[in-house]
Amino acid sequence: MTGIVVLGSTNMDLVAYVARAPKSGETVTGREFRMVPGGKGANQAVAAARAGGEVAMIGAVGADEFGEQLRHTLIASGVDTDLLRTAEGLSGTAHVVVDDEGGNSIVVIAGANHTVTCLGPGDETLIATAGTLLLQLELPLSAVLSGAEAAHRHSVRTILTPSPAQPLPSELLGTIDLLVPNEHEAAVLTGIADPHAAAEALLRQVPQVVITLGAAGSLYATRGAEPVTVPAPRVSAVDTTGAGDTFVGTLAVALCEGRPMREAMGWASSAAALCVQRHGASTSMPYRTEIEAS
Ligand code: ADP
């Protein structure tokens, strides 16, 4: 394949909508419940496949009903799940409480994702044939590092979304071609709040950085060139969940097609803008025809 491999997480998001989140020891009656297939890895895989990429997913679901649903969601969007393992035990879950102010609190239980500590049989062979490997930080770091090193060995482009934000070992950053943090993650990685200054600091560790800036768009920086800012389309956002994953998945497809970075970022911004105008994460990710028509 010359497409995209995602080494990442799958989670079932269990979302309770309430007027006000309960305090410790308190019970409140919620308004609505939704079950949404998610996990940053699976979300990026769905976004890339819907944008027209040839996509395969490496990771694990649990041997439960959620696992079957998570696998089915990927397949339904055209993602190859042959190397997505079914691990003993439960799938990953995210327990989300969303209140009427739009605030949320989330408990993530890694479940099957926790079993992915290294590459499995066939994983490196698949990565070696890919154009791009997409990585995030919801799997054990040992697996992320093995995947990135395998890609690096075979000259496959690596794109890392450093989420959940945490300090990263230089041996991992040394294998990354493009780092795509949001503003908050860039600040955690560098200790610098200003995105331009943070991008400059990150360029000491990776050759290319795209920092996503929410409604303000995205910023591209590479060594030896002036940074480029690409604005986001002005839209009225109803739910920004999954915006970053839509951006990265779509960006990867455009780069695999050989488009220059500025054009790829424009395309990714159009896709992310469509995503934020709808509820949900994987459910709100646009198809290629929609991106091209926007
Ligand atoms: P994350 O979802 O990881 O927090 P951001 O909030 O930076 O990341 O959003 C990622 C991308 O999604 C942005 O670069 C932008 O292109 C798009 N986006 C996010 N929020 C909006 C918005 N309110 N209007 C238009 N585009 C948005």
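Attention in this report is confined to the structure presented alongside it. For clarity, every value in this text was computed on a predicted model and none was experimentally measured.

Across the sheet, which stays open at both edges, the 9 strands sit in the order β5-β4-β1-β8-β9-β10-β11-β12-β13 with mixed pairing between neighbours. Sheet topology places β5 (84-87) and β13 (228-230) at the edges, where each strand pairs with a single neighbour. Note: strand β12 (residues 218-222) against β13, 3 bridges, orientation antiparallel. Counted as the bridge partner of L219 is T229 from β13. The sheet strands contacting helix α2 (residues 65-76) are β4 (55-62) and β5, and the helix crosses β4 at an angle near 170 degrees.

Here we take up the packing of helix α6 (residues 183-190) against helix α7 (residues 195-202). α7 packs onto α6 with a crossing angle of 55 degrees between their chain directions and a minimal axis gap of 10 Å. Relative to α7, α6 is oriented oblique. Between α6 and α7 the crossing geometry is left-handed. Contacts between α6 and α7 involve E183, A186, L189 and T190 on the former and, on the latter, P195, A198, A201 and L202. Its residues assigned to classes, the contact of α6 with α7 comprises 6 nonpolar, 1 polar and 1 charged.

This structure, assessed with the given rule, holds 0 aromatic pairs. Its guanidinium or amino end placed over the ring of W267, R259 lies 4.4 Å from that ring's centre, counting from NZ or CZ.

With 4 bridges joining them, strand β8 (residues 132-135) and strand β9 (residues 157-160) adopt parallel strand pairing. If you follow L133 over to β9, its bridge partner there is T158. In this fold, the crossover linking β8 to β9 by way of helix α4 (residues 141-153) has right-handed handedness.

Turning our attention to the site of the ligand. Near the ligand, the surroundings consist of 16 residues, among which N182, T212, G214, G217 and G244 are the closest. For the ligand, an oxygen atom lies 3.1 Å from a polar atom in the side chain of N182. G244 has a polar backbone atom sitting 3.0 Å from an oxygen atom of the ligand. Its free accessible area being 550 Å², the ligand has 83% of it covered by the protein chains. By residue class, the composition of the shell around the ligand is 10 nonpolar, 6 polar and no charged.

Rules behind the numbers
Residues numbered from 1 in each chain as written. Predicted model: local features only at pLDDT ≥ 70, side-chain atom pairs only at ≥ 80, totals over all residues. Heavy atoms only, no water. Pairing = 2+ DSSP bridges. Helix = DSSP H or I, 4+ residues; strand = E, 2+ residues; numbered from the N terminus. Contact = heavy atoms within 4.5 Å. Axes fitted to C-alpha atoms, helices over the stretch in contact; angles between N-to-C directions. Parallel < 35°, antiparallel > 145°, perpendicular 65-115°, else oblique. Left-handed = near helix turned anticlockwise from the far one by under 90°. Nonpolar A, V, L, I, M, F, W, Y, C, P; charged D, E, K, R; others polar. Phe/Tyr/Trp six-rings, centres within 6.5 Å; stacked < 30°, edge-to-face > 60°. Lys NZ or Arg CZ within 6 Å of the ring centre and 35° of its normal. Right-handed = clockwise from strand over helix to strand, strands pointing away. Near = heavy atom within 4 Å. Polar contact = N/O pair within 3.5 Å; in protein donor to acceptor, adjacent residues only side chain to side chain. Areas by Shrake-Rupley, 256 points an atom, 1.4 Å probe, with all protein chains shown as cover.

By themselves, these observations are geometric and do not establish any function.
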